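Results of the structural survey
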Amino acid sequence: MKILHLDSNHPLLIEQLDALGFSNDEDFTSSKTEIEKLIHNYQGIIIRSRFKIDKRFLDAAKTLKFIGRVGAGLENIDVSYAESKGIRLIAAPEGNRNAVGEHSLGMLLALFNKLTKANSEVKEGKWDREGNRGLELDGKTVGLIGYGNMGKAFAKKLSGFDVNVLCYDLKPNLGDDNATQVSLTALQEQADVLSLHTPETALTIGMINSQFIKAVKKPFWLINTARGKSVVTADLVLALKTGNILGAGLDVLEYEKASFENLFKPLAASDDSELPKAFEYLISAENVILSPHVAGWTVESKAKLAQTIVDKIKLQFG
């Protein structure tokens, strides 16, 4: 079986697939159109988020048996069409769930303790203890929207604190010792913190909007390490200005390109390009922490993601 690797990954991925008897080729630079001309020669694809695997691509991949996505989500793949062709989809949410859980907790604690603000001020020679008085997480209610691999990992990290953890998910009976599953209404009534752990779907795009925010009973803190398009940035900024949202930790942004590798073009364009006003607010707000889609992108998770893909390929095709 021949496998085409379209993104660079941890070396163990190819090393172990070679040892299992698979033939591995790498192409990290050819265009999607160029790849479509040769993809009929391959039975497997390994990809991160380089480009979309759409119907045209899948029609060209006449001998394809599986697509390995070195990551958690499958939104860059036409899942239903691939499955209709009998192509197996292999993702690796187990590989970076711990990293996401730790990053979510780090963002939350940094927000509560004003760590980025305090750090900047001290480095500038400003010693403002009262202005950097923090909050304690103990006694708060943390609501998780989405309780799969990522949500469960964050709940596990929170189990060491004296907090009430609630989760909401479309699937029933997911609650466990670390989180109590409730309705969305109950979550909105009780949460002091809301953290997103959902995939990108038609239901989750634009999910956190003005209507949703107004339905949350208390002013709350927002953490998003899931997908940027789940949050309407303009509505988030309005809520930050009015105090309906007390602060936000955002590892992902609405403006990201589909590959997740870059922000929107104006950031790299000429000087006369303008940033969206909402984004300008985020980058200047003291109660907003931003990171470049790296919650699941640790040294350890790079190896874990690759190993998860190898193990699943071995189980299904070894």
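Everything here concerns the structure above.
Here the structure is a predicted model, which means the values were calculated and not measured.

**Side note on the overall build of the protein chain**
Regarding its fold elements, the protein chain presents 12 helices and 12 strands. Taken over the C-alpha trace, the protein chain has a radius of gyration of 21 Å; the compact-globule value for 318 residues is 20 Å, and the two agree within 12%. Dimensions along the principal axes, computed over C-alpha positions, put the protein chain at roughly 65 × 50 × 35 Å. Pairs at least 24 residues apart make up 60% of the contacts formed inside the protein chain by residues separated by at least 6 positions. The centroid of the 38 positive side-chain charges in the protein chain is displaced by 3 Å from the centroid of its 40 negative side-chain charges.

**Comments concerning the side chain of Ser301**
Turning to its location among the elements, Ser301 is positioned in helix α12 (residues 299-317). In this view, Ser301 contacts Gly95, Asn96, Ala99 and Gly296; residues no more than four positions away in its chain are not counted.

**Concerning the sheet that holds strand β3 (residues 44-47)**
Note on sheets: strands pair through backbone hydrogen bonds, and any given pair is parallel or antiparallel. If you walk across this open sheet you meet the 5 strands as β2-β1-β3-β4-β5, and the pairing is parallel. For this open sheet the edge positions go to β2 (23-26) and β5 (88-90), each flanked by a neighbour on one side alone. When the angles between neighbouring strand axes are averaged without regard to direction, this sheet yields 20°. As paired elements, strand β4 (residues 66-69) and β5 share 3 bridges and run parallel to each other. By the bridge assignment for β5, Ile67 is matched with Leu89. Along the sheet, α12 makes contact with β3, β4 and β5, crossing β5 at roughly 155°.

**Some points on the sheet that holds strand β9 (residues 193-196)**
Pairing is parallel in the open sheet, where 7 strands are placed in the order β8-β7-β6-β9-β10-β11-β12. Lying at the two open borders of the sheet, with one neighbouring strand each, are β8 (180-181) and β12 (288-290). In this structure, strand β6 (residues 141-145) lies alongside β9, joined through 4 bridges in parallel fashion. Paired with Ile145 across the bridge in β9 is Leu196. Strands β6, β7 (164-168) and β9 of the sheet are contacted by helix α7 (residues 149-158), whose axis makes an angle of about 165° with β6.

**Remarks on the nonpolar core**
By size, the foremost hydrophobic cluster in this structure holds 31 residues, and its most contacted members are Leu194, Ile208, Leu222 and Leu236. Mapped by element, the contributors of at least two residues to this core are α8 (184-190), β9, α9 (210-215), β10 (220-224), α10 (233-242), β11 (245-250) and α11 (277-284). Looking at this core element by element, the count peaks at 4 residues for α10. Contacts of Leu194, omitting those with residues within four sequence positions, involve Gly143, Ile145, Leu187, Phe212, Val216, Phe220, Trp221, Leu222 and Ile223. By size, the runner-up hydrophobic cluster in this structure holds 22 residues, among which are Leu111, Phe112, Phe154 and Ile289.

**As for the packing of α10 against α11**
Interhelical geometry of α10 versus α11 gives an angle of 50° and a closest axis separation of 9 Å. In terms of orientation, α10 and α11 fall into the oblique class. Every pair of crossing elements has a handedness; the one defined by α10 and α11 is left-handed. When α10 is examined against α11, the residues Thr233, Ala234, Leu236, Val237, Leu240 and Lys241 are found in contact with a partner set consisting of Ala278, Tyr281 and Leu282. Residue classes in the contact of α10 with α11 are distributed as 7 nonpolar, 1 polar and 1 charged.

What counts and how
- Within each chain, residue numbers correspond to sequence positions counted from 1 in written order.
- pLDDT decides what is reported in this predicted model: residues at 70 or higher carry local features, side-chain atom pairs at 80 or more are listed and counted, and totals for whole chains, interfaces and linings draw on all residues regardless.
- Based on all heavy atoms of the structure, the side-chain values leave hydrogens and waters out of the count.
- In this description a helix means any DSSP run of H or I spanning at least four residues, a strand means any run of E spanning at least two, and both kinds are numbered starting from the N terminus.
- Atoms counted for the radius of gyration: C-alpha only. Globule rule: 2.2 Å times the number of residues to the power 0.38.
- The contact criterion used is simple: two residues touch if any of their non-hydrogen atoms lie within 4.5 Å.
- By the counting scheme adopted, Arg and Lys are positive, Glu and Asp are negative, and His together with the chain ends is not counted.
- Lys charges are placed at NZ, Arg charges at CZ, Asp charges at CG and Glu charges at CD.
- At least two bridges found by DSSP between two strands are what make those strands a pair.
- Axes here refer to lines fitted to C-alpha atoms; in helices the fit is confined to the stretch in contact. Angles between the N-to-C directions go from 0 to 180 degrees.
- Among buried residues, those of type Ala, Val, Leu, Ile, Met, Phe, Trp, Tyr and Cys that are joined through side-chain atoms within 4.5 Å constitute a nonpolar core.
- Accessibility here uses a 1.4 Å probe with only protein chains present; expressed as a share of the type maximum, an area under 20% marks a residue as buried, one over 50% as exposed, and anything in between as partly exposed.
- In these notes the angle categories are as follows: under 35 degrees is roughly parallel, over 145 is roughly antiparallel, 65 to 115 is roughly perpendicular, and the rest is oblique.
- Two helices cross in a left-handed way if the nearer one is turned anticlockwise from the farther one by less than a right angle. They cross in a right-handed way if the turn is clockwise.
- The nonpolar class holds Ala, Val, Leu, Ile, Met, Phe, Trp, Tyr, Cys and Pro. Asp, Glu, Lys and Arg form the charged class, and all remaining residues, Gly among them, are polar.

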